[in-house]
Amino acid sequence: MKNQQTIEKQAPVNGRVRVDWKEKGSEVVSRYGIFLIFLGMVALMSILTPHFFTYFNLINVVRQVSFIGIVAMGVTFVIITKGIDLSSGSVIALVSVMAASFAQGGHSLVVPILIGLGIGALTGLINGTIATKGMIPPFIATLGMMTAARGMALLYSNGRPIGNLTDSFLFMGSGDLLGLPFPIIMFLVMGLISHLLLNNTKFGKSTYAIGGNEQAARICGINVDRHLILVYTYAGFLTGIAALMLTARISAGQPSMGVMYELDAIAAAVIGGTSLTGGIGTIPGTMIGALIIGVLNNGLDLMNVSSYWQQILKGIIIVTAVLIDSRKNRKS
Amino acid sequence: MGEEILLEMKDISKEFPGVKALDKIQLTVKKGTVHALMGENGAGKSTLMKILFGIYSGSGTISFKGEELKLSGPKDALKKGISMIHQELNPIPEMTVAENIFLGREPVYGKTGWVNKKKLVQQTAELFETLNIPIDPTTKMKDLTIASMQMVEIAMAVSHSADLIIMDEPTSAITDKEVKYLFEIIRSLKSKGVAIIYISHKMDEVFRICDEITVLRDGQYIGTKRTDELDHDSLTQMMVGREIKQVFHKEPAEIKEVILSVKNLSKEGKFKNISFEVRKGEILGIAGLMGAGRTEVIESIFGVDPPTSGEIYLCGKPIKIKHPSDAIRHKIGLLTEDRKLTGAFLPLSVKENMIMSGMNKFLNFGFVNGGKVKQSCVSMVEKLNIKTPNLNKLIMNLSGGNQQKVLLARWLLNDPDLLILDEPTRGVDVGAKAEIHKLMCKLAQEGKAIIMISSEMPEILGMSDRILVMHEGHFKGELSREEANQERILQIAFQ
């Protein structure tokens, strides 16, 4: 056995290894590729339209993106576990009208916030419980929530917007903190929290494990059902945050709010490299994914490209992102 | 045995980005012979066969039946008379056996495209009859055992009436009984002039059935010899390029007190009244055929699928294990049978794969301590001689043997008192296998208890201090290391 170890190439783990630049190059591209694409897009838009690369416009883009971006972070967790969440758009509406009805004065600001976050988390809890304990595919479970939550929002508000919100509530949508709009601050803060949660905690590692191999995760002692419920709950919680800020931004609880948001959130995650096959995805990737969608929309708006064309382009980009992802998977 | 050359592969090379997988390989197969292709995992056997079957393209020339062979894909290979039994099964579970076998070439009524189901079943039945396979063609694939599925796969390859059949580890999932069936099939194919390329890690089989052996190592051609010119040791030496005198390094360990005992464990439809105990320092082997219920027993002990009745005692105290997390808390580890299905997290890194079963000890205020993780993982990589360029490499890019070592490391990081190993060396090359066996002995010497399930008789006989024989959900008997041999184990199983 002894001579075997000397004969066989013992690959160094710590020490210096011959650097394979080709491999290194492809690693950089696969790791930071989406970021490079984003920078390229920003550069392209700056050249194509003079109004793009201005402080106010850039702030505007990031603020628009922050709502969908926060939702997409939760969706990223869900997709990493091989699940899907179709309910986020409708949950936004439900949270919006319910929180708004407590934000018309007479209550402390804490009440609508707690109600908003609570409703968001509760819908996630229900999604996760139905999917795991009921053994119903997440697609169906959240499709049910998508339909039901929209109905509840309409029922609760009688189909009408709920306005006259307090100034302190409106701050969440239009206020500035440290010179930046509040939604952007929240986008960055929740991005950081979600990133740390996903990368540096047991919760995050377990999320990857379940998506990578659910059976193996169970054998490693992970309580898969409970974990999945928590993941959906976290996604709902983040949706609640986005909904509160959106409501404040447009100064009213709207039962029609957030239509198609679930798909934009999924698109952001997927463009950012989250794989629907599970076990793969990052929060910074998703944030960039959301920004790419935002830059695309904004740049094309500035260039007066019709919104019909914008939709077509967005569709192409989503499919291309998944195409690249699936090719990458096939190679390995 | 013919001397007529059927297949000649010359100077076959293949490069993947960054790796030279094959370097000028030669392979000549004669008509009506069984030709073994041997080599450790990663030697290039599968790559070479994928080139021959048209899945990959490579440089070099291939001549088949006297003509140069240029393939556009597997379909083309089948048309030209080359068929392949893949290492991994790819059945469509919801379809019947017959539908699976004739997938894509079902008999139809005239040119209507309407499948003639009666004829389909009839053709399959005829095929099974010639091959002596006792399976009903109308059973759904999902209702078959893995061994039966493998037989269906073999029948499928034969049904193409090919001149050359590639068998990539055809016996990895079947029992001795079916191996005998398979060998009969191979002999009858041989007599019809069909040539077979046989890939296997099991040397006994190779010596039993093959006429010639070609050995590859690290993508290089080592040589071709007639089987009767070789023996175990010389073949091993060719394969690993070093001498491994004794395949099983069983080193004695002091056997101490009972750590786990199981009383009357039962699970409906799976196993009944299982009682046994295992001691510190002991390697307890569980022998039996595939489907005997061995995996079910240990999985129920580990809490994957808890038993319906019975008691489990740890160091004399009764314990309840309802979930694997309970077992892990009691310092039990389980290396599962199927690396891909229940072991590895394929899209994740080596490091993440290692820490997944014992993350708590790496946590600082709820956060995973990267430094601690790295330190532990590096020491495991060194201890188990895991070949990986770094800890962030995805586990799916490692060879089978190294993947298995990573999964072992996952449990060793928990410092378990009892380690359950289900087929610990399946699909693992000779070198890594010896290392895993050595590690097992060392763990036993450290006072850990080991339960090992293995379908490989030499492994069971070579490694175990005591052997339990299981058959159809029952423990049939127990043998000490000294009294055990292959015949007695089978005797007990079938008595």
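Residues numbered from 1 in each chain as written. Chains lettered and ligands numbered in written order. Predicted model: local features only at pLDDT ≥ 70, side-chain atom pairs only at ≥ 80, totals over all residues.

1. A short note on the overall build of chain A
When helices and strands are counted, chain A shows 14 helices and two strands. Within chain A, buried positions represent 48% of all 332 residues. In chain A, the share of contacts with a sequence separation of at least 24, taken over all contacts with a separation of at least 6, comes to 80%. (Helix = DSSP H or I, 4+ residues; strand = E, 2+ residues; numbered from the N terminus. Buried ≥ 20, exposed ≤ 12 C-beta atoms within 10 Å, placed from the backbone. Contact = placed C-beta atoms within 7 Å.)

2. As for the overall build of chain B
Across its full length, chain B holds 17 helices and 22 strands. Computed over the C-alpha atoms, the radius of gyration of chain B is 24 Å, within 12% of the 23 Å expected from 2.2 N^0.38 for a compact globule of 495 residues. Burial statistics for chain B: of 495 residues in total, 48% are counted as buried. For chain B, the proportion of contacts with a sequence separation of at least 24, taken over those separated by at least 6, is 68%. (Rg over C-alpha atoms; globule rule 2.2 N^0.38 Å.)

3. A closer look at the domain arrangement of chain B
All names here are of chain B. Each assigned domain of chain B is listed with its residue range as follows: domain 1 (5-240) and domain 2 (258-494). For the side of domain 1 that touches domain 2, the secondary-structure elements that each account for two or more residues are α5 (146-159) and α8 (232-240). In terms of residue count, the dominant contributor to the side of domain 1 that touches domain 2 is α8 (three residues). Residues belonging to the side of domain 1 that touches domain 2 are distributed by class as follows: six nonpolar, seven polar and one charged. (Domains from an automatic or database assignment. Nonpolar A, V, L, I, M, F, W, Y, C, P; charged D, E, K, R; others polar.)

4. Focus on the pairing of strand β8 (residues 195-199) of chain B
All names here are of chain B. Most of β8 is tucked away, with five of its five residues classed as buried. Alternating positions in β8 separate into two faces, A195, I197 and I199 on one and I196 and Y198 on the other, with burial throughout. Direction of pairing for strand β7 (residues 164-168) relative to β8: parallel, over a ladder of five bridges. The residue bridging M167 from the neighbouring strand is Y198, located in β8. (Pairing = 2+ DSSP bridges.)

5. Brief notes about the UniProt feature "transmembrane region" (unreviewed entry) in chain A
Residues and elements named next belong to chain A. Following the UniProt record, one finds the feature "transmembrane region" (unreviewed entry) at residues 29-49, 61-80, 86-103, 110-130, 136-156, 177-198, 231-251 and 263-296. Helix and strand shares over residues 110-130 are 100% and 0% respectively, and the end C-alpha atoms of the span are 30 Å apart. End-to-end, the C-alpha atoms of residues 263-296 are 16 Å apart, and along that stretch the chain is 68% helix and 0% strand. (UniProt positions renumbered as here; feature names shortened; annotations may be inferred.)

6. Structural notes on the packing of helix α3 (residues 55-80) of chain A against helix α8 (residues 182-200) of chain A
Residue and element names in this part refer to chain A. Look at α3 against α8: their axes get within 8 Å of each other, and the N-to-C directions meet at 20°. In terms of orientation, α3 and α8 fall into the roughly parallel class. Read as a crossing pair, α3 and α8 show a hand that is left-handed. When α3 is examined against α8, the residues V62, R63, S66, F67, G69, I70, M73 and F77 are found in contact with a partner set consisting of P183, I184, M186, F187, M190, G191, S194 and L198. Its residues assigned to classes, the contact of α3 with α8 comprises 11 nonpolar, four polar and one charged. (Axes fitted to C-alpha atoms, helices over the stretch in contact; angles between N-to-C directions. Parallel < 35°, antiparallel > 145°, perpendicular 65-115°, else oblique. Left-handed = near helix turned anticlockwise from the far one by under 90°.)

7. Digging into the nonpolar core
Counting residues in hydrophobic clusters, the biggest one holds 171 residues, and the most contacted among them are A:I70, A:V71, A:L94, A:L238, A:A242, B:I420 and B:I450. Ranked by residues supplied to this core, first place goes to helix α11 (residues 224-249) of chain A with 15 residues. Listed in part, the 69 residues of the second largest apolar core include B:A77, B:A157, B:Y198 and B:V215. (Core = buried A, V, L, I, M, F, W, Y, C linked by C-beta atoms within 7 Å.)

8. Focus: the confidence of the model for chain B
In this model, chain B carries an average pLDDT of 87, and 96% of its residues clear a pLDDT of 70 or more. Here the predicted complex carries an ipTM of 0.82, next to a pTM of 0.77. (pLDDT = per-residue confidence, 0-100.)

9. Quick look at the packing of helix α5 (residues 110-133) of chain A against helix α6 (residues 138-157) of chain A
Working note: a packed helix pair is described by the angle between its axes plus the distance between those axes. All names here are of chain A. Contact geometry for α5 and α6: axes closest at 8 Å, N-to-C directions at 145°. In the packing of α5 onto α6, the handedness of the crossing is right-handed. Listed contacts from α6 to T123, I126, N127, I130 and A131 of α5 are P138, A141, T142, M145 and A149. The class makeup of the residues in the contact of α5 with α6 is seven nonpolar, three polar and no charged.

10. Points about the sheet that holds strand β21 (residues 466-471) of chain B
Residues and elements named next belong to chain B. Taken together, six strands build an open sheet; the order of strands is β16-β19-β20-β13-β21-β22 and the sheet is mixed. Of all the strands in the sheet, just β16 (332-335) and β22 (474-480) have a single pairing partner and so form its edges. Averaged over all adjacent pairs, the angle separating strand axes in this sheet is 20°, with direction ignored. With four bridges joining them, strand β13 (residues 283-288) and strand β20 (residues 449-453) adopt parallel strand pairing. Paired with G285 across the strands is M452, a residue of β20. Sitting on the sheet, helix α15 (residues 430-445) is in contact with β13, β19 (418-422) and β20, with an inclination near 145° to β20.

11. Looking at the environment of B:A98
All names here are of chain B. Turning to its location among the elements, A98 is positioned in helix α3 (residues 97-101). Since 26 C-beta atoms lie within 10 Å of it, A98 is described here as buried. Sequence-wise, A98 and E296 are 198 residues apart; in three dimensions their C-alpha atoms are separated by 29 Å.

12. Brief notes about the sheet that holds strand β15 (residues 317-319) of chain B
All names here are of chain B. Strand order in the open sheet formed by four strands is β12-β11-β14-β15, and the pairing between neighbours is antiparallel. Because the sheet does not close on itself, it has two edges, and the strands there are β12 (271-279) and β15. In this sheet, neighbouring strand axes are inclined to one another by 20° on average, regardless of whether the strands run parallel or antiparallel. As paired elements, strand β11 (residues 258-267) and β12 share six bridges and run antiparallel to each other. The partner of V262 across the bridge, within β12, is F276. Of the strands in this sheet, β11, β12 and β14 (309-314) touch helix α9 (residues 294-301), which is tilted by about 115° from β11.

13. Comments concerning the confidence of the model for chain A
Scored by pLDDT, chain A comes out at a mean of 88, with 89% of its residues at no less than 70. Note on residues 1-17 of chain A: pLDDT is under 50 here. Beyond four places in sequence and across chains, it has 18 contacts.

14. Focus on unusual backbone geometry
For residues that are not glycine, phi is negative in most cases, and the peptide bond is trans in most cases. Phi angles above zero are rare outside glycine, and A:M260 is one such case at about 70°. Relative to the assigned elements, A:M260 resides in the loop between α11 and α12 (261-271). Here A:M260 falls in the exposed class, since 9 other C-beta atoms lie within 10 Å of it. Backbone geometry at B:K65 places phi at a positive 55°, although glycine is not the residue there. In this structure, B:K65 sits in the loop between β4 (59-64) and β5 (67-68).

15. Looking at the pairing of β22(B)
Residues and elements named next belong to chain B. Bridge count for β21 against β22 is six bridges, and the pairing is antiparallel. Looking at β22, one finds that L468 is bridged to E478. Between β21 and β22, which pair antiparallel and follow one another directly, the connecting turn spans two residues, one of which, E472, has a positive phi of 45°.

16. Things to note about the environment of B:I453
Residue and element names in this part refer to chain B. Residue placement: I453 occurs in strand β20. Expressed as a C-alpha distance, the spacing of I453 and E423, which sit 30 residues apart in the sequence, is 5.5 Å. When residues no more than four places from it in sequence are discounted, the contact partners of I453 are I286, R294, T295, I298, D422 and E423.

17. Some words on the environment of B:I286
Residues and elements named next belong to chain B. Tracing the chain through its elements places I286 in strand β13. You can call I286 buried: it has 25 C-beta atoms within 10 Å. Along the sequence, I286 and E352 sit 66 residues apart, while their C-alpha atoms lie 31 Å from each other. The contacts of I286, once residues within four sequence positions are left out, are R294, I451, I453, L468 and M470.

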